[in-house]
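# Fold and contact review
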Amino acid sequence: MKKWIIVCVLAAVFLVGANSFAPQLAEVGLSQALSAKFNLQNDDVRVQASPGAKIFLGDIDAVTVHATNFMAGDLKFANFDSNLYGVHFQPLQALVYQELRVTRVESGDMAASIRREDLEDYLVKKIDGLTDPSVSFEGDSVRVQGKVKLGGLVSARADVRGHFGMKGTKLMFIPETVTVEGLGMQVSTTKLASAEIYDFTDFPLGIQPDRVVLHDGLLTIHGQVSNS
């Protein structure tokens, strides 16, 4: 009888410990998985599971991610917020690869924001052939001006107007009109390739961006979990 009491006490202690520490372990694992795309910190990720021990079976009730001022590749994000529900992963793979790889998320959303000044710096690098570029924001539109070489010899002024939008999984700068002025002539065209800003193809946690909003110099990308 005494042995059974000891076993029960040890089991209770294990479950209490599991409920307390399993979410912390999951937070570290998720942070490491996300760090492949973002340079997040461990405390940017919060995990909820009740009971906590269910995490050892690969089930998490909710994951909250809140990060500020971090890099994703060469692009700096001002904020990233995501709320995910019904997060599942393979615990055996987590042990083998020492990384928590999410296999399915039942529902969730995200919003990621980029500041105007970071967009300006990034955008001028993405539009080829412009020198002395300048970027201005006019409502939900973007204007990029600079100098180009006509025939590789004559300098002319280029004025590119466009907007940010999603093309599939890619955040793009999409030109609407391009005006080139030089040698006393002005030529307008709509033929200019879109410039890729960020590709969400391998974005973690199953989130797919679906719309962008430019307001007060802040570009915000919204997305939802996709299980298709």
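Below or above, wherever it landed, is the structure these notes cover. (Residues numbered from 1 in each chain as written. Predicted model: local features only at pLDDT ≥ 70, side-chain atom pairs only at ≥ 80, totals over all residues. Heavy atoms only, no water.)

### Focus on the overall build of the chain
This is how the line gets drawn: To qualify as a helix, a DSSP run of H or I must reach at least 4 residues; to qualify as a strand, a run of E must reach at least 2; elements of each kind are numbered from the N terminus. Using a 1.4 Å probe on the protein chains alone, a residue whose accessible area is under 20% of its type maximum counts as buried, one over 50% counts as exposed, and one in between counts as partly exposed. We call two residues contacting when some pair of their heavy atoms lies within 4.5 Å. Using a 1.4 Å probe, accessible areas were evaluated by the Shrake-Rupley method; residue-level cover was limited to the displayed protein chains.
When helices and strands are tallied, the chain shows 3 helices and 12 strands. Taken over 228 residues, the chain has a buried fraction of 39%. Pairs at least 24 apart in sequence give 47% of the contacts found in the chain among residues at least 6 apart. Total accessible area on the chain stands at roughly 12,900 Å², and carbon and sulfur atoms take up 54% of it.

### Some remarks on the sheet that holds strand S3 (residues 75–89)
The following threshold applies: When DSSP finds two or more bridges between two strands, those strands count as paired. In this description, a line fitted to the C-alpha atoms serves as the axis of each element, helices being fitted only across the stretch in contact, and the angle between N-to-C directions of two axes falls anywhere from 0 to 180 degrees.
Here we have 6 strands laid out as an open sheet, ordered S1-S2-S3-S4-S12-S11, and antiparallel in their pairing. Of all the strands in the sheet, just strand S1 (45–48) and strand S11 (207–215) have a single pairing partner and so form its edges. Across the sheet, the mean angle from the axis of one strand to that of its neighbour is 10°, orientation sign disregarded. One ladder, built from 8 bridges, connects S11 with strand S12 (residues 218–225); its direction is antiparallel. Its bridge partner being in S12, histidine 215 is matched across the sheet by leucine 218.

### So, the pattern of salt bridges
Where we set the bar: Whenever a carboxyl oxygen of Asp or Glu lies within 4 Å of a side-chain nitrogen of Lys or Arg, that contact is scored as a salt bridge.
Scanning the entire structure with this criterion turns up 5 salt bridges. Two residues, arginine 116 and glutamate 120, come together in a salt bridge whose shortest N-O distance is 3.1 Å. Within this pair, arginine 116 and its partner glutamate 120 are both found in helix H3 (residues 116–126), separated by 4 residues, close to a single helical turn. The class for glutamate 120 is partly exposed, based on a relative accessible area of 21%. Linking aspartate 159 and arginine 161 is a salt bridge whose minimum nitrogen-to-oxygen distance equals 3.7 Å. For arginine 161, a relative accessible area of 32% gives the class partly exposed. Among the ionic contacts, a cluster of salt bridges with common partners joins Arg143, Asp159 and Arg161.

### So, the side chain of arginine 143
Note the cut-off: Counting of polar contacts relies on pairs of N or O atoms within 3.5 Å, with two restrictions inside protein: one atom must be capable of donating a hydrogen and the other of accepting it, and residues adjacent in sequence are counted only when both atoms are side-chain atoms.
One can find arginine 143 in strand S6 (residues 141–150). Of note is the side chain of arginine 143, whose polar atom sits 2.6 Å from the side chain of aspartate 159. Excluding residues that lie within four positions of it along the chain, arginine 143 makes contacts with Ser134, Val135, Ser136, Glu138, Asp159, Val160 and Arg161.

### Overview of the environment of serine 113
With respect to the helices, strands and loops of the structure, serine 113 is situated in strand S4 (residues 102–115). Separated by 32 residues in the primary sequence, serine 113 and aspartate 81 have C-alpha atoms spaced 9.1 Å apart. Serine 113 has contacts with Phe77, Ala78, Asn79, Leu218, Leu219 and Thr220, leaving out every residue within four places of it along the chain. Here the side chain of serine 113 touches threonine 220 through a polar contact of 3.1 Å, side chain to side chain.

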